[in-house]
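# Remarks on the overall topology
Listed below are the residues making up each chain.
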Amino acid sequence: MNSVDGGILAFVPYIASMLVLFMPSLLNHFPKRRWILAICKVMYYFLSLIGLTILPAVVSDNKQRLIGMIIITFIASAFNVVATAGYAAWHIRFQPNEVRAYFLSSCLLMTAVVAGVLSLASGWIEDMLGAMNPAFELKFLIGLRIFAFILGAIDVAFLLLPREVEYPKMAVPRFSDIFAIPLKNKKFMLTMLVVFLWQFSCYCYDTQLNFLLANVLRIPKLYINFIIFLYSVCFIATTKFWQKFIQKTSWFYVYAVALLIVAPFQIMYGFVTPFNYVWLMLVVRVPQHVAGTGHNTAFDNFQYINMPIHDRECYAAFYQIVFNIGAAIGKLFGLLFDAKTMDWKYTLFGYTYESGKPLLIMLCGVVQIIIAVFIFAFRKHLEPDKNAETV
């Protein structure tokens, strides 16, 4: 599978995410949802892990495999949309605003540590499998996916632990309300513009970056994942600093400052080559990891920061739409840019690049600068009113 096919497949979940439009109406039919949400989450794990594992054994033609993967990924993502929307409305009750910064930081910390350790392990496994017999490699990967499904089942069990209290009684919102109500809230809409631009900047290059590092520059997977692992180290070292910084200033201010730190290094990322990756990736990624702790913590609260208590389902649905449309348009832009520039050749600092992927990486840094400038320019219109009742 080349980077264009990978981009097509990665685009599918964002198409499925548009089903979030129907979630307020759907979920309001179920005063108790815990088992419906659990079944949806289990189906998501089953299809994305077991279904995609079985597919290559059933379908041999590469084009038909891609179509099958697209269909399975779409159905799995649809189940996940239902589960994500339902769990968000359920679990937000256990995240009061006065402790939310610490709660979000704790979640990000656990995610960073687990992801960091697993990324190191997966990098070592992937490099090891490259030297193994293909038949054994296939069996090992199948076993790994089954193990991942078991972990997914454990995840569902933990998601069921919080007590499900009665949801606020409300009239089922009209389809038009999902757009009409948030559009009247200027602060919320400006926040959504920031969310859209951020999602675009993140997803316009991520598939192409992974392909570039592993398949074009041939950087060992273990080293790539070691760099990823360093995020968990930086997160542990700096998370309390960013929490205090948020408390002293604001979510938006911290986010913008962090982006101004990240952006120049993102532009430098486009100059990685097989000859300089050992030192340049460290120089680029470590400052990004440090600042990333700040902007990731701040960004996780953007869906709530200007969301009124009333009509919460409409605002939450609109946020998910913007969140996923930003990612989808970013993916689509990256896919089209990659397809158009696959044959480009140009030389910078003595190294000849053979596609436009590095330029796509640099573009992300430019968009991050634009976001930060926008926040500083319109900060008074973004910050919530002192007496406003928000989620």
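Residues numbered from 1 in each chain as written. Predicted model: local features only at pLDDT ≥ 70, side-chain atom pairs only at ≥ 80, totals over all residues. Heavy atoms only, no water.

Counting secondary structure elements, the chain contains 16 helices and 2 strands. Looking at the chain as a whole, 48% of its 391 residues are labelled buried. Taking the contacts inside the chain whose residues are at least 6 apart along the sequence as the reference set, 85% of them involve residues at least 24 apart. (Helix = DSSP H or I, 4+ residues; strand = E, 2+ residues; numbered from the N terminus. Buried < 20%, exposed > 50% of the residue type's maximum accessible area, 1.4 Å probe, protein only. Contact = heavy atoms within 4.5 Å.)

Across all of its chains, the model carries 28 aromatic pairs by this definition. With centroids separated by 6.2 Å and ring planes inclined at 85 degrees, the aromatic side chains of Phe179 and Phe318 adopt a geometry described as edge-to-face. In this pair, Phe179 is assigned in helix α7 (residues 177–183) and Phe318 in helix α14 (residues 312–341), connecting sequence segments 139 residues apart. (Phe/Tyr/Trp six-rings, centres within 6.5 Å; stacked < 30°, edge-to-face > 60°.)

Once that is clear, we can look at the packing of helix α9 (residues 206–216) against α14. Their axes nearest at 8 Å, the elements α9 and α14 cross at an angle of 45 degrees. Judged on the interaxial angle alone, α14 and α9 are oblique. Residue-level contacts link Asp206, Thr207 and Gln208 of α9 to Lys331, Gly334, Leu335 and Asp338 of α14. Tallied by class, residues from the contact of α9 with α14 come to 1 nonpolar, 3 polar and 3 charged. (Axes fitted to C-alpha atoms, helices over the stretch in contact; angles between N-to-C directions. Parallel < 35°, antiparallel > 145°, perpendicular 65-115°, else oblique. Nonpolar A, V, L, I, M, F, W, Y, C, P; charged D, E, K, R; others polar.)

This part takes up unusual backbone geometry. You will see that Arg218, though not glycine, has its phi angle at about 60 degrees, which is positive. Mapped onto the elements, Arg218 comes out in the loop between α9 and α10 (221–248).

On to a nonpolar patch on the surface, then. Taken together, the side chains of Leu138, Ile142, Ile146, Phe147, Ile150, Leu151, Ile154, Phe158 and Leu161 make up a nonpolar region of the molecular surface, amounting to roughly 880 Å² of accessible area. Inspection of the secondary structure puts Ile142 in helix α6 (residues 134–159). (Patch = residues over 30% accessible without salt bridge, like charges linked within 9 Å, V, L, I, M, F, W, Y side chains within 5 Å. Areas by Shrake-Rupley, 256 points an atom, 1.4 Å probe, with all protein chains shown as cover. Salt bridge = Lys/Arg side-chain N within 4 Å of Asp/Glu carboxyl O.)

Another aspect to go through is the packing of helix α11 (residues 251–269) against helix α12 (residues 277–299). Interhelical geometry of α11 versus α12 gives an angle of 160 degrees and a closest axis separation of 8 Å. Taken as axis vectors, α11 and α12 run roughly antiparallel relative to one another. Our pair here, α11 against α12, has a crossing hand that is left-handed. Residues that form the contact of α11 with α12 fall into these classes: 18 nonpolar, 6 polar and 1 charged. (Left-handed = near helix turned anticlockwise from the far one by under 90°.)

The subject of this paragraph is the nonpolar core. Ranked by internal contacts, the top residues of the largest apolar core, which has 58 residues, are Ile219, Tyr255 and Met281. Among the elements that make up this core, the one with the highest residue count is α11 (9 residues). One finds Val20, Ala83, Ala85 and Trp90 within the second-largest nonpolar core, a separate group that totals 21 residues. (Core = buried A, V, L, I, M, F, W, Y, C linked by side-chain atoms within 4.5 Å.)

For the rest of this paragraph, the subject is the confidence of the model for the chain. Per-residue confidence for the chain averages 84 on the pLDDT scale, and 88% of its residues sit at or above 70. Here helix α5 (residues 100–129) stands out as the least confident element of the chain, with mean pLDDT 71; α11 is the most confident, with 96. (pLDDT = per-residue confidence, 0-100.)

The next point concerns the state of the cysteines. On inspection of all chains with the given rule, the structure shows 0 disulfides. Cysteine Cys204 is unpaired, with the sulfur of Cys364 as its nearest cysteine sulfur at 5.5 Å. The class for Cys364 is buried, based on a relative accessible area of 1%. (Disulfide = S-S within 2.5 Å.)

With that settled, consider the pattern of salt bridges. Scanning all chains against the criterion turns up 3 salt bridges. Across the salt bridge formed by Asp206 and Lys331, the nearest N and O atoms sit 3.0 Å from each other. Here Asp206, found in helix α9, pairs with Lys331, found in helix α14; they are 125 residues apart in sequence, far enough to count as distant. On the basis of relative accessible area, Lys331 is assigned to the buried category, the value being 7%.

On to helix α3 (residues 34–58), then. Side chains three or four residues apart in an α-helix point the same way, a direct result of the helix having 3.6 residues per turn. With 25 residues, α3 ought to run about 36 Å at 1.5 Å a step, and its terminal C-alpha atoms sit 34 Å apart, in line with that. Along α3, the helix axis deviates most sharply at Gly51, where the bend reaches about 35 degrees. (Expected span 1.5 Å × (residues − 1). Bend = angle between axes of the 7 residues up to and from the residue.)

In this section: the side chain of Thr53. Turning to its location among the elements, Thr53 is positioned in helix α3. Residues in contact with Thr53, not counting those within four places in the same chain, are Ile142 and Arg145.

Relative to the assigned elements, Ala78 resides in helix α4 (residues 62–91). Under the relative-accessibility criterion, Ala78 is labelled buried at 18%. Each C-alpha atom of the pair Ala78 and Ser17 lies 6.8 Å from the other, and the pair is 61 residues apart in sequence.

Let's shift gears to the environment of Leu109. Positionally, Leu109 belongs in helix α5. For Leu109, a relative accessible area of 27% translates into the label partly exposed. When the C-alpha atoms of Leu109 and Val233 are compared, they prove to be 9.5 Å apart, with 124 residues separating the residues in sequence. If we ignore the near neighbours within four places in the chain, the residues touching Leu109 are Phe235 and Ile236.

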